[in-house]
Amino acid sequence: MPAPSACRPLALVVVLAVAACGGPAHKDDAFVDAGVTGLLDIELTECFSDPEYSQFAGEDVVVYLPCDEGADNQSFMFVQAPDGPWDRAAVAELGWDECGRGFEQQWTSQDESGLDYYPILPTPETWADGDRAVMCAVYDPDGRLEDSVLPAADGVSQ
């Protein structure tokens, strides 16, 4: 099986091809990871682009975007994985479970909200540097987010 980073370009091509054909996009835990330039700069509630190849950087990058200007994704939660040896399958399972619980608490269901979510995992390299954070991202499978999609808390405006 190829390394997760070797699968990233293929996953991006598949998502872009589906989106270009007008069908709903599906992002999974291989769509983007903590090794993509710019991703570690995204904070809770911030919106960001899908990864795109940058001629300047010579690699895929993710860019912060103000939510009210439209974006591909929004960070809605972070999960801390326990210390231990890198185990991608275990970290992915934790990400899907915890991000799913967080998604259901905020939006109830994919059918009602029209949104979907995916976990963004550390890489073996970021894990070795102490990264234990799994970012939970929400997106619209039918297109871009037009603004923040986080539900407003009672009495708090976004």
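Residues numbered from 1 in each chain as written. Predicted model: local features only at pLDDT ≥ 70, side-chain atom pairs only at ≥ 80, totals over all residues. Heavy atoms only, no water.

Across its 20 residues, helix 2 (residues 88-107) extends 27 Å between first and last C-alpha, which sits within 8% of the 28 Å expected from 1.5 Å per residue. Listed in full, the buried residues belonging to helix 2 are Val91, Ala92, Gly95, Cys99, Gly100, Gly102, Phe103 and Trp107. In this fold, the buried residues of helix 2 make contact with strand 5 (73-80), helix 3 (110-113), strand 6 (116-120), helix 4 (124-128) and strand 7 (133-139). Threonine 108 occupies a position one or two residues after helix 2 and carries a positive phi of about 70°. (Helix = DSSP H or I, 4+ residues; strand = E, 2+ residues; numbered from the N terminus. Expected span 1.5 Å × (residues − 1). Buried < 20%, exposed > 50% of the residue type's maximum accessible area, 1.4 Å probe, protein only. Contact = heavy atoms within 4.5 Å.)

The next thing to look at is the state of the cysteines. Summed over the entire model, instances satisfying the criterion amount to 2 disulfides. Bridging cysteine 99 to cysteine 136, the disulfide has an S-S length of 1.9 Å. Every disulfide takes its handedness from the sign of the S-S torsion; for cysteine 99 and cysteine 136 that torsion is -75°, giving left-handed. Of the two residues, cysteine 99 is situated in helix 2 and cysteine 136 in strand 7; the sequence distance between them amounts to 37 residues. Disulfide connectivity for the chain, with bonded cysteines indexed by sequence position, reads 1-2, 3-4. (Disulfide = S-S within 2.5 Å.)

A few words now on the confidence of the model for the chain. Of the residues in the chain, 81% reach a pLDDT of 70 or more, and the chain-wide mean stands at 86. Ignoring residues within four places in sequence, the model shows residues 1-21, a span with pLDDT below 50, making 18 contacts including any to other chains. (pLDDT = per-residue confidence, 0-100.)

On to the environment of glycine 84, then. Take glycine 84: it is sitting in the loop between strand 5 and helix 2. Accessibility expressed as a relative area gives 35% for glycine 84, which makes it partly exposed. With 43 residues separating them in the primary sequence, glycine 84 and tryptophan 127 have C-alpha atoms 9.5 Å apart. Beyond its immediate stretch of four places on either side in the chain, glycine 84 contacts Trp127 and Arg132.

Once that is clear, we can look at unusual backbone geometry. Here the phi dihedral of threonine 45 falls at roughly 75°; this positive angle occurs in a residue that is not glycine. As for its placement among the helices and strands, threonine 45 is situated in the loop between helix 1 (4-20) and strand 1 (47-48). Taking relative accessible area as the criterion, threonine 45 reaches 40% and is therefore assigned partly exposed. You will see that threonine 108, though not glycine, has its phi angle at about 70°, which is positive.

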